[in-house]
Amino acid sequence: MNDLTGTDVKSVDVGLAASGGGGDASADTVVVNGTTAPDKVKVAPSGGSVKVSGLAAQVRITGAEPANDTLRIQTLAGDDTVTVVPAVLALIQTIVDLGPDE
Ligand SMILES: [Ca+2]
Ligand SMILES: [Ca+2]
């Protein structure tokens, strides 16, 4: 997912579950990109889904399997702050890449 600044997209839902419900047992990676300006991103659980807020669009990930799925936050350049609430790690593996300047 790229930076959506300047677009009308305010929220994005990413569903990782199988079409019939439940986990699909495949390894999915959700990539959320920040901007080249300083970003302040928060990743928190929200009713069984994972919410990524602080960027131009709020991202909600549902149906993630912690054994298979990965959330990758890439905040690019700038003095970025990413806060991951520990309970998120029970929902999805989380990788934070603060960019080349950190
Ligand atoms: Ca940034
Ligand atoms: Ca950075």
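Here the structure is a predicted model, which means the values were calculated and not measured.

Turning to the sheet that holds strand β2 (residues 29-33), a few remarks are in order. Strand order in the open sheet formed by three strands is β2-β6-β8, and the pairing between neighbours is parallel. A strand with exactly one partner marks an edge of an open sheet, and here the two such strands are β2 and β8 (93-97). Averaged over all adjacent pairs, the angle separating strand axes in this sheet is 15°, with direction ignored. Strand direction decides the pairing type here: β2 and strand β6 (residues 70-74), joined by five bridges, are parallel.

This brings us to the sheet that holds strand β3 (residues 40-46). As summarised here, the arrangement of the five strands in space is β1-β5-β4-β3-β7, forming an open sheet in which the pairing is mixed. At either margin of the open sheet sits one strand with a lone partner, and together these are β1 (11-15) and β7 (81-84). Sheet twist, expressed as the mean angle between neighbouring strand axes with direction ignored, is 15°. With five bridges joining them, β3 and strand β4 (residues 49-53) adopt antiparallel strand pairing.

The next subject is the environment of alanine 18. Relative to the helices and strands, alanine 18 is located in the loop between β1 and β2. Classification of alanine 18 as exposed rests on a count of 12 C-beta atoms within 10 Å. Spatially, the C-alpha atom of alanine 18 lies 11 Å from that of aspartate 28, the residues being ten residues apart in sequence.

Basis of the calculations
- Residues numbered from 1 in each chain as written.
- Chains lettered and ligands numbered in written order.
- Predicted model: local features only at pLDDT ≥ 70, side-chain atom pairs only at ≥ 80, totals over all residues.
- Pairing = 2+ DSSP bridges.
- Helix = DSSP H or I, 4+ residues; strand = E, 2+ residues; numbered from the N terminus.
- Axes fitted to C-alpha atoms, helices over the stretch in contact; angles between N-to-C directions.
- Buried ≥ 20, exposed ≤ 12 C-beta atoms within 10 Å, placed from the backbone.

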